[in-house]
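Structural description and commentary
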Amino acid sequence: DLATGARMLLYRNTLNAEGRGFASFVADRDNRLRLAMRPLADGGAELFALEIEGGWTSLFVISFKDAIGSRPITFEADGRSFLMLDSTDRDRAALVRVDAASGVKTVLGESQNADVVDVWIDPATMAPEAYAAEYLRRDWQALDADAQADLDFLDQQLSGDAMVTSRSADNTRWTVEESSPTSPPRTYLYDRADLANRRLSLLFRHYPVIERMTLQPMTPVEIAARDGLTLVSYLTLPIGSDANGDARPDAPVPLIIAPREQAWGRDSYGFSALHQWLANRGYAALSVNFRGSTGFGTAFLNAGNASWGGRMQEDLIDAAHWAVSNGIAEPGRLAVAGAGFGGYAALMGVSSTPGEFRCAASFGAITNLTAYIEAAPRRGELTRRIGDPNAGEGRMALRDQSPVMRAAHIGAPVLLALGGRDPRASRSDSDQIAQTLRSRRIGVTYLVFPDEGRTLLQPADR
């Protein structure tokens, strides 16, 4: 109760015979508990509905291949149906309406190119108004005339991409965030009380200092991997390198391949502080949606299974070769840099493909895949996504794909760093890598930030 602070127990999570409880819940608009999701041992999930009598009934199982891209969103006002993103029996996740009693699904919106990733929902009726899929850029499709009018108005008023961040209960006022590669995020108040006289007013700029600086455009590109998969990627060129504005430098430039922190996520079009920082200092930046990235369908996502250090790494190499062959990158002047999974990929880049990269920068890298999987709470899923440490061949493959085991193969200088409070990054592994490089007279700068975790927060450390 927001007025008194009093709390009432709705449900106490309990474990089933396999020792698994529910991982998430969904309530309807009256705060009645209605749905629960239970992870399965194989990495899939099972969705349950709470009957009036208080018992849970299984609605359906979400398979392992669909588990990352499928999730319930919200109940509609009548309480008889709920909305969810679902890729079951299809390659790309669609917006579906699900009958809460029978589990029967009705497709409301889908895309041929990418997963549906966002939905506009009316705060009064909880009905869907529009949905977005994201391939090269986020593309919105209206489900009714009013939503189309809102999309048209925001498109006319804003030069960047718009994201609705909140709405008033009567739906007359929205906060809208605008962002583009050359404009840091800004937040606006969208007043739509009078639909014939809609108004948009600036509330604040997120990074006013950066707005006074010269920012570079970002170009979406499609890169063909060696086996034919298409890798949606984003390229930013350094200041002054593209006089005619054709998104290609006048002459090849030094390039940073920048794999992202999350293995199962995606890089997107928009403002990137990292891309702009590199471009400001004379480097091109290329972010690659390697196989295993989300948003491009279940086939592309699951093509990354058991591919850490393998096909996923080859995608980064293929992107580097594409950049060189298209006159973007200067041969012999490519680097790879990242944090988390990106830090892992950076270390693998200079250990598994000698000569490809001139140097690497790695922060908070996952250095031992076997230890990473064995320490994870959802070990079953990681076993299928990365590899099985219990199988003989699987354990050997994980050893070969672990940077700590490959330090003797690193032939380029490395900036190696981690936060002392990062549970994912191993201090002992990083010590071992640094010692091995020093003993082989390979350039290494090794930094440990005792008070930092998975992200560098203190400005001096950044």
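This text gives an overview of the structure that appears in the document. Just so we're clear, the structure is a prediction, and the values are computed from it rather than from any experiment.

Rules behind the numbers
Residues numbered from 1 in each chain as written. Predicted model: local features only at pLDDT ≥ 70, side-chain atom pairs only at ≥ 80, totals over all residues. Heavy atoms only, no water. Helix = DSSP H or I, 4+ residues; strand = E, 2+ residues; numbered from the N terminus. Rg over C-alpha atoms; globule rule 2.2 N^0.38 Å. Buried < 20%, exposed > 50% of the residue type's maximum accessible area, 1.4 Å probe, protein only. Contact = heavy atoms within 4.5 Å. Areas by Shrake-Rupley, 256 points an atom, 1.4 Å probe, with all protein chains shown as cover. Lys, Arg positive; Asp, Glu negative; His and termini not counted. Charge placed at Lys NZ, Arg CZ, Asp CG, Glu CD. Expected span 1.5 Å × (residues − 1). Arc of directions from axis to C-beta. Salt bridge = Lys/Arg side-chain N within 4 Å of Asp/Glu carboxyl O. Polar contact = N/O pair within 3.5 Å; in protein donor to acceptor, adjacent residues only side chain to side chain. Core = buried A, V, L, I, M, F, W, Y, C linked by side-chain atoms within 4.5 Å. Pairing = 2+ DSSP bridges. Axes fitted to C-alpha atoms, helices over the stretch in contact; angles between N-to-C directions.

Helix and strand counts for the chain stand at nine helices and 23 strands. Taking 23 Å as the expected radius of gyration for a compact globule of 462 residues, we find that the chain reaches 24 Å, a close match to that expectation. For the chain, the spread of C-alpha atoms along the principal axes amounts to about 70 × 60 × 45 Å. For the chain, the proportion of its 462 residues judged to be buried stands at 49%. Across the chain, the fraction of contacts at a sequence separation of at least 24, relative to all contacts at a separation of at least 6, is 52%. Of the roughly 22,000 Å² of accessible surface on the chain, 49% is carried by carbon and sulfur atoms. Charge separation in the chain, taken as the distance between the mean sites of 48 positive and 57 negative side-chain charges, equals 6 Å.

Let us now look at helix α9 (residues 427-439). A rise of 1.5 Å per residue sets the reference length of α9, with its 13 residues, at 18 Å; its end C-alpha atoms lie 18 Å apart and thus fit the reference within 8%. Within the sequence span of α9, burial applies to Asp 429, Ser 430, Ile 433, Ala 434, Thr 436 and Leu 437. Buried residues of α9, viewed axially, fall in a sector of 160°; they line one side. Along α9, exposed side chains directed more than 90 degrees from the buried face belong to Gln 435 and Ser 439. Lining the buried residues of α9 we find α5 (341-352), β22 (414-419) and β23 (444-449). Note on α9: the residue one or two positions beyond its end, Arg 441, has a positive phi of about 60°.

So, on to the pattern of salt bridges. With the rule as written, the count across this model stands at 32 salt bridges. Two residues, Arg 226 and Asp 318, come together in a salt bridge whose shortest N-O distance is 2.8 Å. With Arg 226 in the loop between β16 (218-224) and β17 (230-236) and Asp 318 in helix α4 (residues 311-325), this residue pair connects regions lying 92 residues apart in the sequence. Residue Asp 451 is joined to Arg 421 by a salt bridge in which the shortest nitrogen-to-oxygen separation is 3.6 Å. With Asp 451 in the segment after β23 and Arg 421 in the loop between β22 and α9, the pair connects residues that are 30 residues apart, well separated along the chain. Of the two residues, Asp 451 and Arg 421, neither departs from the other in class, the shared state being exposed. Residues joined in a network through salt bridges with shared partners are Arg 226, Asp 227, Arg 291, Arg 311, Glu 314, Asp 315 and Asp 318.

The topology assignment puts Trp 322 in helix α4. Put simply, Trp 322 and Pro 238 are 84 residues apart on the chain and 18 Å apart in space, counted from C-alpha to C-alpha. Residues in contact with Trp 322, not counting those within four places in the same chain, are Val 221, Ile 223, Arg 248 and Ile 328.

Topologically, Asn 16 is positioned in the segment before β1 (24-27). Here Asn 16 falls in the partly exposed class, since its relative accessible area comes to 23%. Taking the C-alpha atoms as reference points, Asn 16 and Arg 38, 22 residues apart in sequence, are found 9.8 Å from one another. A polar atom in the side chain of Asn 16 sits 2.8 Å from the backbone nitrogen of Arg 20.

Turning to the nonpolar core, a few remarks are in order. Counting residues in each nonpolar core, the largest one holds 62 residues, and the members touching the most others are Leu 255, Ile 257, Leu 286, Trp 308, Phe 341 and Ile 433. Leu 255 has contacts with Leu 235, Ala 284, Ala 285, Leu 286, Ala 323, Ala 329, Arg 333, Leu 334 and Ala 335, leaving out every residue within four places of it along the chain. One finds Val 26, Ala 49, Val 98 and Ala 100 within the second-largest nonpolar core, a separate group that totals 16 residues.

Spatially, β16-β17-β19-β18-β20-β21-β22-β23 is the arrangement adopted by the eight strands of the open sheet, whose pairing is mixed. The open sheet terminates on both sides in strands that have one partner only, identified here as β16 and β23. Each adjacent strand pair in this sheet contributes to an overall mean axis angle of 20°, direction not counted. In terms of strand pairing, strand β18 (residues 253-257) meets strand β20 (residues 329-339) through four bridges, oriented parallel. The residue of β20 that forms the bridge with Ile 257 is Val 336. Together, β22 and β23 form the strand contacts of α9, whose direction differs from that of β23 by roughly 160°.

Before going further, it helps to examine the pairing of strand β19 (residues 284-288). Here β19 lies mainly inside the structure; five of its five residues are buried. Residue alternation in β19 divides its side chains into two sets, Ala 284, Leu 286 and Val 288 and Ala 285 and Ser 287, and both sets are buried. Relative to β19, β17 runs antiparallel, the two being bridged by four bridges. Counted as the bridge partner of Ser 233 is Val 288 from β19. Strand direction decides the pairing type here: β18 and β19, joined by three bridges, are parallel. Its bridge partner lying in β19, Leu 255 is registered against Ala 284.

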